[in-house]
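Residue-level listing of the chains:
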Amino acid sequence: MAQFTLDVNGKTHRVDADPDMPLLYALKNDIGLNNPQFGCGLAQCGACTVHLDGQPIRSCITPVSSIGNAKVVTLSGLGTPEKPHPLQTAYVEEQVTQCGYCINGWIMTAAAFLRDKKNPTEAEIKTALEGLKCRCGTHMNILRAVKRAATMMG
Amino acid sequence: MTTHQKPQSLSRRAVLMGGGAVVVSVGAPISLNTVLGVRSAYAQGAKPPLVPEQLSSYIAVGSDGAVSAFFGKMDMGQGLYVSIGQIVAEELDVPFKAVTVFMADTRTSVNQGGASGSTGIQTGGRQMRVAAAEARRVLLDMAAEKLALPADQLTVADGVVHAKSDASKKASYAELIGGRYFNVQLDWNKQIGNALYAPGKAKPKDVKDYKIVGQPIKRSDIAPKVFCQEPFVTDVKVPGMVHARMIRPPVAGATPVSIDEGSIRNIPGARVVREGDFLAVVADKEWDAVKAHSALKVQWSDAKPPFPSQDALYDHIRKAPVRKAVDEKPVGNVTEAFKTAARVIEAEYEWPFQSHACMGPACAVVEIKDGRVTCHTGSQKPHFVRDGLARTLDVLPANVDGIWVVGPGSYGRNDADDCAHDAAVLAKLTGKPVRLQYTREQGTGWDPKGPASIHKARAALDASNKVVAYDFLSKGFSRIDVQTNGSRPEDTLAGHFRGAALKVNDNFGVPAESYLFDNKRTAWETIAQFLERGSPLRGAHLRDPVGPQIHFASESFMDEVAHAIGADPVEFRIRYLKDPRDIAVIKAAAEKAGWQTRISPQKQSGNTVSGRGIAYSQRNGTTCAIVAEVDVDRRSGKIWARKFTVAHDCGLIVNPDGLQHTIEGNIIQGISRTLWEEVKFDNKSVTSVDWLTYPILDITEAPQTIDCVYINRPDRPATGAGEPSIRPVAAAIANAVFDATGVRMRRVPFSPDRVKGALA
Ligand code: FES
Ligand code: FES
């Protein structure tokens, strides 16, 4: 066990944990966030995606000891009902989710992509999101929402 | 705002019902006829028992006039609660926003079957409609007494009853009953689950008077999800809970012989929990449970590997003794008709085991405290889970609460029911609240599977190419090796590993279509499981149980016959159909897709070839036709299912917005199951254990377009949309691939390797 100081959504948290413990468990159990989610623990699905210094990472395989001073932002840190991120707005507008368990992967990955890439083509959006899973099959909705957010951010 | 509420919101309901309640009468429910003489007894301050024959079990009006609807089914993310809110608001004549739907919680609703067979609106909505209509009738009667006017001179607008002749003579629902409960007996048919029906004396509205039903209304549960305001079942926390992981045998059928507890001694708080062959680890911290799960050393019994090699699967099915055979709809004499045939067309199709492979492995939290069992579950049938836990723990169902909290996806009898039972056993054995989440490997490897099958189709043609006989036979594993709900221990892994007496359950199905062949036989046969206790290949309901497999075969075969006689696939189907609804969907899909009448395949050169295919089927009153357009990369064998045109007739459309999302989800999952999904196994166990070994459709492979044509039939009951449109997808794709390449794919999935092999 060791003690770690984590900067999550702009707040500092102290966490006692095994250095090998993935960040996901700290976020869910020690800090008590509702999202991200455990989907595979294998970096294959995206359900656990958070931003580390603005880059999407899979928190299910990222040891808590590797975070250091980097800033962690989760879906709830991305925007709020009062100040939503365009992707959150677009998700609501396009009524994207079915179960909604997958949304961290799509929104956090797309948020970083749209920040860096203005007016992407549909093909570029698809490539940026390749490999993320949505078992309910909301693919069409996800693409509509990301395009809508791209327009909002464009 | 109409929203579906989670159990946490019970407090809100308590406030609604409690504040300022005037006790008019307290006591046992009384019959409606008695009530007619004692109008004030329509309402009472104390809640009548939660039983199917009580109006208060479905509808309540708060002191502010807000309406609560208590629904014994749940929404799997298709916006069903919106439609239920629409139906209730419509019948009660209140604004849509005044209704809150509470779902799938045994503390607030009776057992309406949970999510099951796309019946959310069909049977669930039917009950909520008659309950709301009865509530309106009763409220009108109460207003008549209060206003001293005959009920037939009253009308309702926005929850206010007023005289037709004088709108100032009025009484609001809130004034009439707000904060008290209905005490009105309904005429219950004594059934629970999907079949539950308990109407009152009121006649529901005429469809032509609908103002709210039929409107596109958006869901309000998306915002709480994107802003992380609502917990999933994986987020439920109970004070003092421990985290658990189940230990499954590496060879299916092996049992633990000895356990080396020393192997997890250095993991803080980790310990083994065992009861016979039921084996798990628990720890105070989740990560420690995860570590203990991988570190625990177990010596397993020397079980004989139960499975054949994957390659031998279909041969096994072909040769296996038949356990049950059902000839569902014989017409004429098929055997005799085949003897007269000028030509016989035959084909055989194969469909693999498929996994629910939910987005996350199942999770459940169970607490046993002061004689009450509380289970938070993602199961789509929490009322049945309550009954199952009562049996597993040997307590009364009345002492168990089954609370549905949205889980990581649900498409039938997935791993959620198993997880709830495992967690309950662990809570009992540890004496602590337990949060159990399965591993990814268990989520894909150990969930109940959609069964594998083969399908033989034959058609007899006379000299003029008329189909004189049709014979269709499915043979496969039962779709209910474990039953569709978790109400019995023997249908769960906990029951299997704890020695529950097992039952044999057989069911499969036949094509749902109305082709009028003079002689026709559609039949099925089931075979025994490879391993009857604790099998990772046990069969169960997976979205549209056995529908995709059967109609892949039957609708591919219709194209094969059309091809054999040189007919256009649309024209051929219509030739043998009479039902106007069947013909309407086929024509609508073809027309919208710009279907060109010709025979398949079309001649093309080059590496990428394109094709179109049609398929149609019915499901419990809903009819659906799909035109698929595909591109096939001949070199790589990769199929892009580029465009779908779906014509859909589910009777009365309650919410067009919800319908489109529901259909799109069906199509995407259907493409995924057709192109990619196959549970792999070796002779020891299932080897599809993650997303690499069980691939699904990627976003880069999503179609360009899914076009929907809705055929609204207000004169017909709403018959459900949750599954019908997944059914014809595989055949539509197979028929399009044939049109593109001239090659007939008869085995799912159409993975690139297999397509390349077929084209070679
Ligand atoms: S849970 Fe991290 S990628 Fe699947
Ligand atoms: S909405 Fe269920 S997995 Fe994406």
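Everything that follows concerns the structure shown earlier in this document.
Residues numbered from 1 in each chain as written. Chains lettered and ligands numbered in written order. Predicted model: local features only at pLDDT ≥ 70, side-chain atom pairs only at ≥ 80, totals over all residues. Heavy atoms only, no water.

(A) View of the overall build of chain B. Tallying secondary structure elements over chain B gives 19 helices and 29 strands in all. Relative to a compact globule of 760 residues, whose C-alpha radius of gyration would be 27 Å, chain B shows 28 Å and is just as compact. Burial status across chain B gives 65% buried among its 760 residues. Counting only contacts in chain B whose residues sit at least 6 apart along the sequence, the fraction spanning at least 24 positions is 79%. Of the accessible surface of chain B, which amounts to about 25,600 Å², a share of 51% is contributed by carbon and sulfur atoms. (Helix = DSSP H or I, 4+ residues; strand = E, 2+ residues; numbered from the N terminus. Rg over C-alpha atoms; globule rule 2.2 N^0.38 Å. Buried < 20%, exposed > 50% of the residue type's maximum accessible area, 1.4 Å probe, protein only. Contact = heavy atoms within 4.5 Å. Areas by Shrake-Rupley, 256 points an atom, 1.4 Å probe, with all protein chains shown as cover.)

(B) Geometry of the pattern of salt bridges. Per the stated rule, a full pass over the model turns up 62 salt bridges over all chains. The salt bridge involving B:Lys503 is made with B:Glu490; its shortest N-O contact spans 2.8 Å. Of this pair, B:Lys503 sits in the loop between helix H13 (493-497) and strand E25 (519-527) while B:Glu490 sits in the loop between strand E24 (467-477) and H13; the two residues are 13 residues apart in sequence, bridging distant segments of the chain. By relative accessible area, which is 51% here, B:Lys503 ends up exposed. Counted as one network, the salt bridges with shared partners bring together A:Glu93, A:Glu94, A:Arg144, A:Arg148 and B:Glu664. (Salt bridge = Lys/Arg side-chain N within 4 Å of Asp/Glu carboxyl O.)

(C) The interface of chain B and chain A, seen in detail. Contacts between the two partners involve 63 residues from chain B and, on the opposite side, 61 residues from chain A. Roughly 5,000 Å² of surface becomes buried between chain B and chain A when both sides are summed, with 59% attributable to carbon and sulfur atoms. One can count five salt bridges joining chain B with chain A. Linking B:Lys285 and A:Asp30 is a salt bridge whose minimum nitrogen-to-oxygen distance equals 3.7 Å. For the pair chain B and chain A, the number of links is 30 residue pairs in polar contact (both at pLDDT 80 or more). Those elements that provide at least two residues to the side of chain B that touches chain A are helix H6 (222-226), helix H7 (286-295), helix H17 (656-675) and strand E29 (705-710) of chain B. Ranked by the residues each element gives to the side of chain B that touches chain A, the list is headed by H17(B), at eight residues. (Buried area = accessible area lost by both parts, 1.4 Å probe. Polar contact = N/O pair within 3.5 Å; in protein donor to acceptor, adjacent residues only side chain to side chain.)

(D) Structural context of unusual backbone geometry. Omega for the peptide link from A:Asn35 to A:Pro36 comes to 0°, which places this bond in the cis form. Along the chain, A:Pro36 falls in the loop between helix H1 (23-30) and strand E3 (49-52). Looking along the chain, the bond that leaves B:Val748 and enters B:Pro749 is cis, with omega of 0°. Along the chain, B:Pro749 turns up in the loop between helix H18 (729-741) and helix H19 (752-759).

(E) Inspection of the packing of helix H14 (residues 547-564) of chain B against H18(B) at higher detail. Residue and element names in this part refer to chain B. Running from N to C, H14 and H18 point in directions that differ by 35°, and their axes come no closer than 7 Å. The interaxial crossing formed by H14 with H18 has right-handed handedness. Counting all contacts with H14, which are made through His-551, Phe-552, Glu-555, Ser-556, Asp-559 and His-563, the residues of H18 involved are Ala-730, Ala-731, Ala-734, Asn-735 and Phe-738. Each residue belonging to the contact of H14 with H18 can be placed in one class, and the counts come to five nonpolar, four polar and two charged. (Axes fitted to C-alpha atoms, helices over the stretch in contact; angles between N-to-C directions. Left-handed = near helix turned anticlockwise from the far one by under 90°. Nonpolar A, V, L, I, M, F, W, Y, C, P; charged D, E, K, R; others polar.)

(F) Region of interest: the packing of H17(B) against H18(B). Residue and element names in this part refer to chain B. Axis separation between H17 and H18 bottoms out at 8 Å; the angle between their running directions is 60°. As judged from the angle between their axes, H17 and H18 are oblique. Considering the relative orientation of H17 and H18, their crossing is right-handed. Of the residues in H18, those touching H17 at Asn-666, Ile-667, Gly-670, Ile-671, Thr-674 and Leu-675 are Val-729, Ala-730 and Ile-733. Taken together, the residues that form the contact of H17 with H18 break down as six nonpolar, three polar and no charged. (Parallel < 35°, antiparallel > 145°, perpendicular 65-115°, else oblique.)

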